[in-house]
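A closer look at the structure
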Amino acid sequence: MGSTHEVEPLVTRRPWAALGLVAGPAAFIGGWLVGGRRTPGYSPVHDAISRIAAVGAPERDLMTTAFVAYGASVIVGSAALRSSPLRRCWPIAAVNGAATIAVAALPLEHSAAMDTWHGVAAGTGYVSIAALQLASARPLRETGHERAAALAVAGGVVTGAALVATTISDANGFWQRLGLTIGDVWLVATGLALFRAGRVSRRPGPS
């Protein structure tokens, strides 16, 4: 027999903050799409996203802005997670946002030391976006969202595998974009679900 667990809505007390989980990925993906196309000789398959924001890069300001917009928006979105059934995910989301802002503050090609710290920040951001998906699986399952939980696990595993691939493959840019985009899809889907459920819960009932 199938599960009879009732599906509970992912209600948050801060539905508008949940839109940060939508706005952040939109700004980030828009930044690397536009910035990459405008950077001469840049390869989205072989070059890391951070190269668009390296010191001296023509689209550094655009990509740096996209990094900061993503980080700040995800930190705002973490407040919606904190007041929802996905509360265990909020500190991971906050770390992810802060790490991305650190990536912007530590651009490549400034110095060898800064490049090292840039790598630490980028690695933290990458690991946290994988961990975020995996951490959501249990509360999703407990609230009856079995399919979403399974997709979260699959997404987290693929994101982690893509992270490993960036260290051993010449197609660094491809694997980076694959892993991060899967994480961004989770953020957007979760943000929209929290926003919709939160807004519905705030509507006055029938008199």
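Predicted model, so just to flag it, every value in this text is computed and none were measured. (Residues numbered from 1 in each chain as written. Predicted model: local features only at pLDDT ≥ 70, side-chain atom pairs only at ≥ 80, totals over all residues. Heavy atoms only, no water.)

Tallying secondary structure elements over the protein chain gives seven helices and zero strands in all. Counted from the first residue to the last, the protein chain has its helices and strands arranged as α-α-α-α-α-α-α. In terms of overall dimensions, the protein chain is globule-like: its C-alpha atoms have a radius of gyration of 18 Å, near the 17 Å expected for 207 residues. Seen along its three principal axes, the alpha-carbon backbone of the protein chain occupies a region of about 60 × 40 × 30 Å. Counting only residues that meet the buried cut, the protein chain has 43% of its 207 residues in that class. Partitioning the contacts of the protein chain with sequence separation of at least 6, the portion at a separation of at least 24 is 71%. For the protein chain, the accessible area works out to roughly 10,400 Å², and carbon and sulfur atoms hold 64% of it. Looking at the protein chain, you have 17 positive and 11 negative side-chain charges, and the mean spots of the two groups are 11 Å apart. (Helix = DSSP H or I, 4+ residues; strand = E, 2+ residues; numbered from the N terminus. Rg over C-alpha atoms; globule rule 2.2 N^0.38 Å. Buried < 20%, exposed > 50% of the residue type's maximum accessible area, 1.4 Å probe, protein only. Contact = heavy atoms within 4.5 Å. Areas by Shrake-Rupley, 256 points an atom, 1.4 Å probe, with all protein chains shown as cover. Lys, Arg positive; Asp, Glu negative; His and termini not counted. Charge placed at Lys NZ, Arg CZ, Asp CG, Glu CD.)

Turning our eyes to something else, we now look at helix α2 (residues 20-38). Helical geometry note: an α-helix holds 3.6 residues per turn, so side chains three or four residues apart project in the same direction. Its 19 residues place the ends of α2 27 Å apart at the C-alpha level, agreeing with the 27 Å of an ideal helix rising 1.5 Å per residue. Inspection of α2 places Gly 20, Leu 21, Gly 24, Pro 25, Phe 28, Gly 31, Trp 32, Gly 35 and Gly 36 among the buried residues, and these make up the whole buried set. Each buried residue of α2 lies within a common arc of 130° when the element is viewed along its axis, so the set occupies one face. Pointing more than 90 degrees away from the buried face of α2 are the exposed residues Ala 26, Arg 37 and Arg 38. (Expected span 1.5 Å × (residues − 1). Arc of directions from axis to C-beta.)

This next bit is on the nonpolar core. Ranked by size, the top nonpolar core spans 36 residues in total, and within it Phe 28, Met 63, Phe 67, Leu 81 and Leu 187 carry the most contacts. Element by element, the count of residues in this core is highest for helix α3 (residues 60-82), at seven residues. What Phe 28 contacts, discounting residues up to four positions off in sequence, is Ile 49, Met 63, Ala 66, Phe 67, Tyr 70, Leu 180 and Asp 184. (Core = buried A, V, L, I, M, F, W, Y, C linked by side-chain atoms within 4.5 Å.)

It is the contact of α3 with helix α4 (residues 90-105), at a shortest axis distance of 8 Å, that shows an interaxial angle of 165°. Between α3 and α4, the crossing angle belongs to the class labelled roughly antiparallel. As for the relative orientation of α3 and α4, their crossing is left-handed in sense. On the side of α3, the interface is formed by Thr 64, Phe 67, Val 68, Tyr 70, Gly 71, Ala 72, Val 74, Ile 75, Ser 78, Leu 81 and Arg 82, while α4 contributes Trp 90, Ala 93, Ala 94, Asn 96, Gly 97, Ala 98, Thr 100, Ile 101, Val 103 and Ala 104. (Axes fitted to C-alpha atoms, helices over the stretch in contact; angles between N-to-C directions. Parallel < 35°, antiparallel > 145°, perpendicular 65-115°, else oblique. Left-handed = near helix turned anticlockwise from the far one by under 90°.)

Glancing now at unusual backbone geometry. Phi at Glu 109 takes a positive value of approximately 70°, unusual for a residue other than glycine. Mapping Glu 109 onto the fold places it in the loop between α4 and α5 (112-142).

Here the focus is the pattern of salt bridges. The final tally for this structure, using the stated rule, is two salt bridges. Across the pair Glu 109 and Arg 51 runs a salt bridge, and its minimum N-O distance is 2.3 Å. Of this pair, Glu 109 sits in the loop between α4 and α5 while Arg 51 is found in the loop between α2 and α3, placing the two residues 58 residues apart along the sequence. A residue is classified by how much of its surface remains accessible, and Arg 51, at 38% relative accessible area, is partly exposed. A salt bridge links Arg 138 to Glu 142, with the shortest nitrogen-to-oxygen separation between them at 3.0 Å. Here Arg 138 and its partner Glu 142 are both found in helix α5, four residues apart, which amounts to about one turn of the helix. Classification of Arg 138 as partly exposed rests on a relative accessible area of 48%. (Salt bridge = Lys/Arg side-chain N within 4 Å of Asp/Glu carboxyl O.)

For the rest of this paragraph, the subject is the packing of aromatic side chains. Under the defined criterion, the tally for this structure stands at four aromatic pairs. When the ring of Trp 16 is compared with that of Phe 195, the centres are 5.0 Å apart and the planes differ by 65°; the resulting orientation is edge-to-face. Of this pair, Trp 16 sits in helix α1 (residues 15-18) while Phe 195 sits in helix α7 (residues 172-202), placing them 179 residues apart in sequence. Owing to a relative accessible area of 54%, Trp 16 belongs among the exposed residues under this scheme. Using a relative accessible area of 17% as the deciding quantity, one classes Phe 195 as buried. For the pair Phe 28 and Phe 67, a centre-to-centre distance of 5.9 Å together with 35° between the ring planes defines the contact as tilted. (Phe/Tyr/Trp six-rings, centres within 6.5 Å; stacked < 30°, edge-to-face > 60°.)

Purely geometric stuff here, so don't read any function into it on its own.
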